[in-house]
Amino acid sequence: MASAAATSYAAAMFTSAAADGCSRRVSIVATVQVRPIQSSSAFLRTSRAINSHDCVPASRCSSSSVVNAMVTEASAKVIDGKSVAKLVREEIAVEVSRMKESTGVVPGLAVILVGDRKDSATYVRNKKKACESVGIKSYEVHLPEDSSEQEVLNHISSFNDDPEVNGILVQLPLPSHINEQNILNAVCIEKDVDGFNPLNIGRLAMRDRDPLFVPCTPKGCIELLHRYNVPIKGKRAVVIGRSNIVGMPAALLLQVNILVSCSN
């Protein structure tokens, strides 16, 4: 009997056991390795082995149940983003304090918000709180929805020239009448903390050309893997989505060490 048949049977047995015997949803974290079965008797033994591991009755089922049937057990590790974020903020606060003591300089972050989208306002508010929590100065410009593209460019130019401002964020999305690329291209590369300037993205895509800044979400994903010592070299990865903000830069960060496929 071929391995495909055994795999299909195993999948059917797991599905049946979950539907008939459990009242709770359980997570099964394991690597199933099914080898080719050379005889019908061996296949029957496999069937009985899987049947013997059907899910326990609902009264005995718990959220920590793990079904093991012809399975090579694999260790699972929960990556706690909140705890890592707290640790990173603490580390940044120490660095900012040292910088202030040694040079008298306090980093400054400027955020430009155009319009009244509630989600964008929430993001900006959270960024401001994050700055305050680590000792970074925060500058905010909130422009009305009908502001012209030139008005936004004027504020960017002002922040580009301001020595007190070390980073500039333009909150996306922008109103439809404003050309997003023109706005992002206007942020000088040395203050492009979002990493959206074409020069930063281009350097990210090229070998031995480190960008000054990397988009924060994909950078955060890689940082989580490093903090938990998850090896990625030689692995295969699938990135869902090809956005300029997350999907594309995530693929560029990963492809240094692994084979990456992108999909919409």
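As a reminder, the structure under discussion sits directly above these lines.
Quick caveat, the model's predicted, so the values are computed rather than measured.

Can you break down the pattern of salt bridges residue by residue, with the values?
Tallied over the entire structure, the rule returns five salt bridges. Between K86 and E90 there is a salt bridge, with its nearest N and O atoms 2.6 Å apart. Placement of the pair is K86 and E90 together in helix α3 (residues 81-103), with a separation of four residues, close to one helical turn. Overall, the relative accessible area of 48% leaves K86 in the partly exposed class. A relative accessible area of 38% places E90 in the partly exposed class. Put simply, K137 and E164 hold a salt bridge, and the shortest N to O gap is 2.5 Å. Here K137 is found in strand β4 (residues 137-143), whereas its partner E164 is found in the loop between α5 (149-161) and β5 (167-170), with 27 residues between them in sequence. A residue is classified by how much of its surface remains accessible, and K137, at 30% relative accessible area, is partly exposed. Among the charged side chains, a salt-bridge network with shared partners connects E91, E223 and R227.

Can you lay out unusual backbone geometry for me, pointing to particular residues and giving the numbers?
Of note, the amide linkage connecting L172 to P173 takes the cis form, showing an omega dihedral of 0°. Position of P173 relative to the elements: it lies in the loop between β5 and α6 (180-186). Look at N229: it is not a glycine, yet its phi comes out positive at around 55°.

Summarise helix α9 (residues 247-254); cite the residues concerned and give the values.
Spacing of three or four residues puts side chains on the same side of an α-helix, whose turn is 3.6 residues. For α9, a buried count of six out of eight residues is recorded, marking the element as mostly surrounded by other parts of the structure. Looking at α9, one finds that the buried residues are G247, P249, A250, A251, L252 and L254.

I'd love a proper account of the environment of V94, names of residues and values included.
Position of V94 among the secondary structure elements: in helix α3. The class of V94 is partly exposed, set by a relative accessible area of 40%. Linking V94 and G135, residues 41 residues apart in sequence, is a C-alpha distance of 9.2 Å.

An account of the nonpolar core is requested, with residue identities and associated values reported.
One finds I112, V114, V152, I156, F159, L174 and I183 to be the most contacted residues of the largest nonpolar core, which totals 18 residues. Ignoring sequence-local partners within four residues, the contact set of I183 consists of E149, V152, L153, I156, V170, L174 and I178. I222, A250, A251 and L254 belong to the second largest nonpolar core, which has seven residues in total.

Lay out the side chain of S147 in plain terms, naming residues and giving numbers.
Tracing the backbone shows S147 in the loop between β4 and α5. Accessibility expressed as a relative area gives 1% for S147, which makes it buried. Setting aside its immediate chain neighbours within four residues, S147 contacts V114, H177 and I178.

Criteria and cut-off values
Residues numbered from 1 in each chain as written. Predicted model: local features only at pLDDT ≥ 70, side-chain atom pairs only at ≥ 80, totals over all residues. Heavy atoms only, no water. Salt bridge = Lys/Arg side-chain N within 4 Å of Asp/Glu carboxyl O. Helix = DSSP H or I, 4+ residues; strand = E, 2+ residues; numbered from the N terminus. Buried < 20%, exposed > 50% of the residue type's maximum accessible area, 1.4 Å probe, protein only. Core = buried A, V, L, I, M, F, W, Y, C linked by side-chain atoms within 4.5 Å. Contact = heavy atoms within 4.5 Å.

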